[in-house]
Amino acid sequence: IRRLGELHARLLRRRAAAAAACPAAADLAAWQMWYEESLDGRLAPQGRRDMEHLARRLAARFPALFAARRRLELASSSKHRCLQSSAAFRRGLGPSLSLGSDEVEVEVNDSLMRFFDHCAKFVALVEENDTAMCQVNAFKEGPEMRKVLEKVASALCLPVEELNADLVQVAFLTCSYELAIKNVTSPWCSLFSEEDAKVLEYLNDLKQYWKRGYGYDINSRSSCILFQDIFQHLDKAVEESKSSKPISSPLIVQVGHAETLQPLLALMGFFKDDEPLKANNYVRQTHRKFRSGRIVPYAANLVFVLYHCDQVKTSKEEYQVQMLLNEKLMPFHHSNETISTYADLKDYYKDILENCHFKEECELPKVNITAIDEL
């Protein structure tokens, strides 16, 4: 928001000079700067609608789970937008879920929903380490971004030295936010062609890849606490079912961030390319699997569905699982099928379930002081 304000102010100052020569700059100077810092981290009205509609669609898809008097367990990150998302999801279900009381208590659980904040190794080596983003920074200075930069500077009648990759990215994000939040084609969009958009998409994917995806092992390993929590819930449901008890938590909804989901999907091995995303392989990555806009769009969601199957040949087939990402069935890695026995799924992820320990993964490596002195 600050960067956008800075860019907009710059265009306002040059308004008179730009009017005839630069129609794009004149249009943008006339554009109303409506983003305020108080909006930071808040859920937009469209975001609330998205969550309400998601709840309705899931309830329609799994009517037995969302039936009246079924217990809903709701957990959220402490961030305002997540709490608002949780409330919107609950509202979307309407009064049909009679859950003992009118309002479901939302449990704030940052250790699960914001595990990355609690992982010292991730914070020190990735989050707060400037060199960790060297591929992102190299791409910002590379030939593809340079071309976009020069084109935008020319359209705005600004000296190219007055722009940088961050300001251009802000202009592009504003174009996308206006479309998502207000459903309008913003004047900011006129600065970019489809090819420019692909370059800026790659810039964003590079950042997600190195900060939340496959770039560093700790990005995904830090999510094993959440991965194991999901399987503990599934285990408990299987145990209760086997002993003919009612399922104590038939419906568990956890509301986090794109940064919660992306590492978890990487831990499970989804959307992994043969070659890492780097500053110098933009063209080779044209058909990459790792596209954060498709993996974690607005209101992204990952659903695990556990089935109890009666008519089966073996006891192993009695419990089966499906996984949906953004409401589409995902083929499992071990079988390439969209349904798996629960036993096979646990077996495939046995190593993560048994050997990925959050505390050990996230401990900062002990530094040998004498070795550093010798250097």
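This text follows the structure it describes.
Residues numbered from 1 in each chain as written. Predicted model: local features only at pLDDT ≥ 70, side-chain atom pairs only at ≥ 80, totals over all residues. Heavy atoms only, no water.

Undergrad: Outline the state of the cysteines, supporting the account with residue identities and numerical values.
TA: A full pass over the atoms with the stated rule returns four disulfides. With a sulfur-sulfur separation of 1.5 Å, Cys22 is cross-linked through a disulfide to Cys157. Between Cys22 and Cys157, the disulfide has an S-S torsion of 75 degrees and is therefore right-handed. Residue Cys22 is located in the loop between helix H2 (15-21) and helix H3 (23-30), and its partner Cys157 is located in the loop between helix H9 (143-155) and helix H10 (165-182); the two are separated by 135 residues in the primary sequence. The partner cysteine of Cys175 in its disulfide is Cys189, sulfur to sulfur 2.1 Å. Across the S-S bond linking Cys175 and Cys189, the dihedral sits near 100 degrees, which makes this disulfide right-handed. Within this pair, whereas Cys175 is found in helix H10, its partner Cys189 is found in the loop between H10 and helix H11 (194-211), the two being separated by 14 residues in sequence. Overall, the relative accessible area of 12% leaves Cys175 in the buried class. (Disulfide = S-S within 2.5 Å. Helix = DSSP H or I, 4+ residues; strand = E, 2+ residues; numbered from the N terminus. Buried < 20%, exposed > 50% of the residue type's maximum accessible area, 1.4 Å probe, protein only.)

Undergrad: Got a sec to walk through the packing of helix H1 (residues 2-13) against H3? Specific residues and values, please.
TA: Packed helix pairs are specified by the crossing angle of their axes together with the interaxial distance, meaning the distance between the axes. Packing of H1 against H3 leaves a shortest axis separation of 9 Å and a crossing angle of 115 degrees. Here H3 runs roughly perpendicular to H1, going by the angle between their axes. For H1 against H3, the interelement crossing comes out left-handed. Seen from H1, the contacting residues are His8, Leu11 and Leu12; seen from H3, they are Ala25, Leu28 and Ala29. Among the residues forming the contact of H1 with H3, the class breakdown is five nonpolar, one polar and no charged. (Axes fitted to C-alpha atoms, helices over the stretch in contact; angles between N-to-C directions. Parallel < 35°, antiparallel > 145°, perpendicular 65-115°, else oblique. Left-handed = near helix turned anticlockwise from the far one by under 90°. Contact = heavy atoms within 4.5 Å. Nonpolar A, V, L, I, M, F, W, Y, C, P; charged D, E, K, R; others polar.)

Undergrad: Please provide a residue-by-residue account of helix H4 (residues 45-61), values included.
TA: Over its 17 residues, H4 extends 25 Å from the first C-alpha to the last, a length consistent with the 24 Å expected when each residue adds 1.5 Å. Buried residues of H4: Gly47, Met51, Glu52, Leu54, Ala55 and Leu58, and no others. In a view along the axis of H4, the buried residues occupy a sector of 155 degrees, so they form one face of it. Tucked inside the fold, the buried residues of H4 contact helix H5 (80-92) and strand E4 (302-308). (Expected span 1.5 Å × (residues − 1). Arc of directions from axis to C-beta.)

Undergrad: How would you sum up the sheet that holds strand E3 (residues 251-255)? Please name residues and give values.
TA: One open sheet holds the three strands; their spatial order is E2-E1-E3, and the pairing between them is parallel. One side of each edge strand has no neighbouring strand; the edge strands of this open sheet are strand E2 (106-108) and E3. Going across the sheet, the axis of each strand differs from the next one's by a mean of 25 degrees, ignoring polarity. On top of the sheet, H5 reaches strand E1 (72-76), E2 and E3; it is set at about 160 degrees to E1, its chief contact. (Pairing = 2+ DSSP bridges.)

Undergrad: Explain unusual backbone geometry to me, and be specific about the residues and the numbers.
TA: Unusually for a residue other than glycine, Cys157 sits at a positive phi of about 55 degrees. Assessed through its relative accessible area of 34%, Cys157 is described here as partly exposed.

Undergrad: Account for a nonpolar patch on the surface, with residues named and values stated.
TA: On the surface, a nonpolar cluster with roughly 290 Å² of combined accessible area is contributed by Leu173, Tyr177 and Tyr298. Relative to the elements of secondary structure, Tyr177 occurs in helix H10. (Patch = residues over 30% accessible without salt bridge, like charges linked within 9 Å, V, L, I, M, F, W, Y side chains within 5 Å. Areas by Shrake-Rupley, 256 points an atom, 1.4 Å probe, with all protein chains shown as cover. Salt bridge = Lys/Arg side-chain N within 4 Å of Asp/Glu carboxyl O.)

Undergrad: Any chance you could break down the environment of Glu6 for me, citing the residues and the numbers?
TA: The residue Glu6 is located in helix H1 in this model. With 196 residues separating them along the chain, Glu6 and Tyr202 place their C-alpha atoms 24 Å apart.

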